[in-house]
Amino acid sequence: MDLARTLETLRDRHMAAIDDFARQAFEEELDRLRMLRLTDESLGVGDMLPDFELTDGAGKLWRSMDLLDRGPLVLAFFRGGWCPYCEITMAALNEAHQRIEILGATAIGVSPEMPEHVAATVKSRALGFPLLSDPTNAYARLCGVAYELSPDHIRIHRDRNRSLPAMHGDSKWRLPVPAVYVVESSGRVVFAFADVDPARWPDPKDLLDALRRLAG
């Protein structure tokens, strides 16, 4: 999969298909988040990964300390099963997760959706890696990758009958930006990617290269 080209093609089709209001709102939201320098303040290389205890769709509890005891961790934040960009990036991580495991690491996804929605996403996407529920974007906020939506962006989701607060167990309209981290077993981040544009995501080769450097 040429991930960058696939995401760019999806963005072009998406922007061509939506109405003028939604297109302008989408572009203004990206401009607003860039101006806020959201990703500049997020978790970066050299930082220590905050601890987490999150459950998957089956109710199993996953702890970062337990995962890091096994070896390095690849941690990816997704917006949710409704997001077409996430569908593609989840598939890319799913395709790479066995190679990640061969290198002694564990791949984990995090979504703000409640466990029942997470379970449905895992089933519909046939995911081979754990997808964890992060209600209210609590962990995403701790990592500095969550933001509150603008009124126009909220309107777009409402027009599509998509209530993010209900899906996230939240009182606010929040989402995480696309973000991926490679974390060594000590908890130190050795590779970091975060971008406000949902059509941007690192190539899995970059993640595998980071893990090979750790192994080497």
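For the structure, check the block above.
Residues numbered from 1 in each chain as written. Predicted model: local features only at pLDDT ≥ 70, side-chain atom pairs only at ≥ 80, totals over all residues. Heavy atoms only, no water.

### Some details on the overall build of the chain
Reasoning step 1: Scanning the chain for helices and strands turns up nine helices and nine strands.
Reasoning step 2: Relative to its length of 216 residues, the chain is compact, with a C-alpha radius of gyration of 17 Å against a globular reference of 17 Å.
Reasoning step 3: Overall size of the chain, expressed as C-alpha extent along the three principal axes, is 50 × 35 × 35 Å.
Reasoning step 4: Looking at the chain as a whole, 53% of its 216 residues qualify as buried.
Reasoning step 5: For the chain, the share of sequence-separated contacts (at least 6 apart) that also reach a separation of at least 24 residues comes to 69%. (Helix = DSSP H or I, 4+ residues; strand = E, 2+ residues; numbered from the N terminus. Rg over C-alpha atoms; globule rule 2.2 N^0.38 Å. Buried < 20%, exposed > 50% of the residue type's maximum accessible area, 1.4 Å probe, protein only. Contact = heavy atoms within 4.5 Å.)

### With respect to the sheet that holds strand S2 (residues 61-63)
Reasoning step 1: A sheet is described by the order of its strands in space; here seven strands give the open sequence S2-S1-S5-S4-S3-S8-S9, paired in mixed fashion. Because the sheet does not close on itself, it has two edges, and the strands there are S2 and strand S9 (189-194). Here the strands of the sheet are splayed against their neighbours by 30° on average, with no regard to which way each runs.
Reasoning step 2: Pairing analysis gives two bridges linking strand S1 (residues 53-56) to strand S5 (residues 131-133), with the strands arranged antiparallel. The residue of S5 that forms the bridge with Thr55 is Ser133.
Reasoning step 3: The sheet strands contacting helix H4 (residues 84-102) are strand S3 (73-77), strand S4 (106-111) and S5, and the helix crosses S4 at an angle near 155°.
Reasoning step 4: Helix H9 (residues 204-215) rests against S3, strand S8 (179-183) and S9 of the sheet, and its axis sits at about 15° to S8. (Pairing = 2+ DSSP bridges. Axes fitted to C-alpha atoms, helices over the stretch in contact; angles between N-to-C directions.)

### Some remarks on the packing of aromatic side chains
Reasoning step 1: A complete count under the given rule lists five aromatic pairs for this structure.
Reasoning step 2: Seen in terms of ring centroids, Phe78 and Trp201 are 6.0 Å apart; in terms of plane orientation they differ by 20°. Their pairing is stacked. Within this pair, whereas Phe78 is found in the loop between S3 and H4, its partner Trp201 is found in the loop between S9 and H9, the two being separated by 123 residues in sequence. Of the two residues examined, Phe78 and Trp201, each falls in the buried class.
Reasoning step 3: Taking NZ or CZ as reference, Lys60 lies 4.2 Å from the ring centre of Trp62, over its face.
Reasoning step 4: When the ring centre of Phe21 is taken as reference, the NZ or CZ atom of Arg155 above it lies at 3.9 Å. (Phe/Tyr/Trp six-rings, centres within 6.5 Å; stacked < 30°, edge-to-face > 60°. Lys NZ or Arg CZ within 6 Å of the ring centre and 35° of its normal.)

### Comments concerning the environment of Leu208
Reasoning step 1: As for its position among the elements, Leu208 is in helix H9.
Reasoning step 2: Separated by 158 residues in the primary sequence, Leu208 and Pro50 place their C-alpha atoms 22 Å from one another.

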